[in-house]
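Examination of the molecular architecture
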Amino acid sequence: GDSVTQMEGPVTLSEEAFLTINCTYTATGYPSLFWYVQYPGEGLQLLLKATKADDKGSNKGFEATYRKETTSFHLEKGSVQVSDSAVYFCALRGLNRDDKIIFGKGTRLHILP
Amino acid sequence: NAGVTQTPKFQVLKTGQSMTLQCAQDMNHNSMYWYRQDPGMGLRLIYYSASEGTTDKGEVPNGYNVSRLNKREFSLRLESAAPSQTSVYFCASSGGQTSNQPQHFGDGTRLSIL
């Protein structure tokens, strides 16, 4: 069945460092891909999405490119801030109308000032 | 701009007690979901409802029941709470007929079973 694998955390970086959180997936066809962010004490919020190969989703300085050839959707940001400290979830949703969203286990990010 | 509203936000129960977690969305979404989130486990789907009047089991349904009361509301019931059900519970909803629609989440209910 469909699955999502993302790098385990926690990831600790200094402010203004470059961020990459790896995500790979297994699915048939061309699923839609998502990154969600969860700040402490809150629910998940959609950060960005991509719906077809080579699409780039972007939001708040974060980017991720849908790579069909490597089945990947890595999250990147050029210069992280303390306020980016959160848990990040990679997710996919299959093509069928009734398909549910499959989440990775999440990567906790700590940004040090 | 409420989105998905969950009540209560916090609850402490004793083993064997029952309770119902409430969820309501104001986005006219067809699909609604209940997840639990445990450390190191990510999100696990308990039950979902693809449309009003239908419900289906997810990955971890044992010990839970759900009711899709109407299009807006989807409740989760613990009939006889157990310590293993201590968790953070999230309700979510999604709309549209295509796979590119994301889910919208509530802020969660933090439930402790003593």
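Right above here is the structure, for reference.
Here's what I pulled together on the structure shown here.

What counts and how
Residues numbered from 1 in each chain as written. Chains lettered and ligands numbered in written order. Predicted model: local features only at pLDDT ≥ 70, side-chain atom pairs only at ≥ 80, totals over all residues. Heavy atoms only, no water. Phe/Tyr/Trp six-rings, centres within 6.5 Å; stacked < 30°, edge-to-face > 60°. Helix = DSSP H or I, 4+ residues; strand = E, 2+ residues; numbered from the N terminus. Buried < 20%, exposed > 50% of the residue type's maximum accessible area, 1.4 Å probe, protein only. Pairing = 2+ DSSP bridges. Axes fitted to C-alpha atoms, helices over the stretch in contact; angles between N-to-C directions.

Side note on the packing of aromatic side chains
With the rule as written, the count across this model stands at twelve aromatic pairs over all chains. Relative to Phe105 of chain B, the ring of Tyr36 of chain A lies with its centre 5.8 Å away and its plane at 80°, an arrangement referred to as edge-to-face. Highlighted residues: Tyr36 of chain A in strand β5 (residues 32–38) and Phe105 of chain B in strand β10 (residues 104–105), drawn from two different chains. Residue class for Phe105 of chain B comes out buried when judged on its relative accessible area of 10%. Ring geometry for Phe103 of chain A against Phe105 of chain B: centres 5.9 Å apart, planes inclined by 70°, an arrangement best described as edge-to-face. Taken together, the positions of Phe103 of chain A in strand β11 (residues 101–103) and Phe105 of chain B in strand β10 put the pair across two chains. As far as the burial class goes, Phe103 of chain A and Phe105 of chain B line up, both buried. An aromatic cluster of at least three residues, connected via ring pairs, comprises Phe34, Tyr36, Phe89 and Phe103 of chain A together with Tyr33, Tyr35, Tyr48 and Phe105 of chain B.

Digging into the sheet that holds strand β3 (residues 19–21) of chain A
Residue and element names in this part refer to chain A. Strands sit in the order β3-β9-β8-β7 across an open sheet of four strands; the sheet is antiparallel. The sheet is open, and its two borders are formed by β3 and β7 (56–59), each paired with just one other strand. The mean angle between the axes of side-by-side strands here comes to 20°, regardless of whether they run parallel or antiparallel.

As for unusual backbone geometry
Here the bond from Gly9 of chain A into Pro10 of chain A is cis, since omega is 0°, no more than 30 degrees from zero. Along the chain, Pro10 of chain A falls in the loop between β1 (3–6) and β2 (11–14). Cis rather than trans, the peptide bond between Thr7 of chain B and Pro8 of chain B has omega equal to -10°. Following the sequence through the fold, Pro8 of chain B ends up in the loop between β1 (4–7) and β2 (10–13). Its identity as a non-glycine residue notwithstanding, Lys60 of chain A has a phi of 55°, on the positive side. Mapped onto the elements, Lys60 of chain A comes out in the loop between β7 and β8 (62–65).

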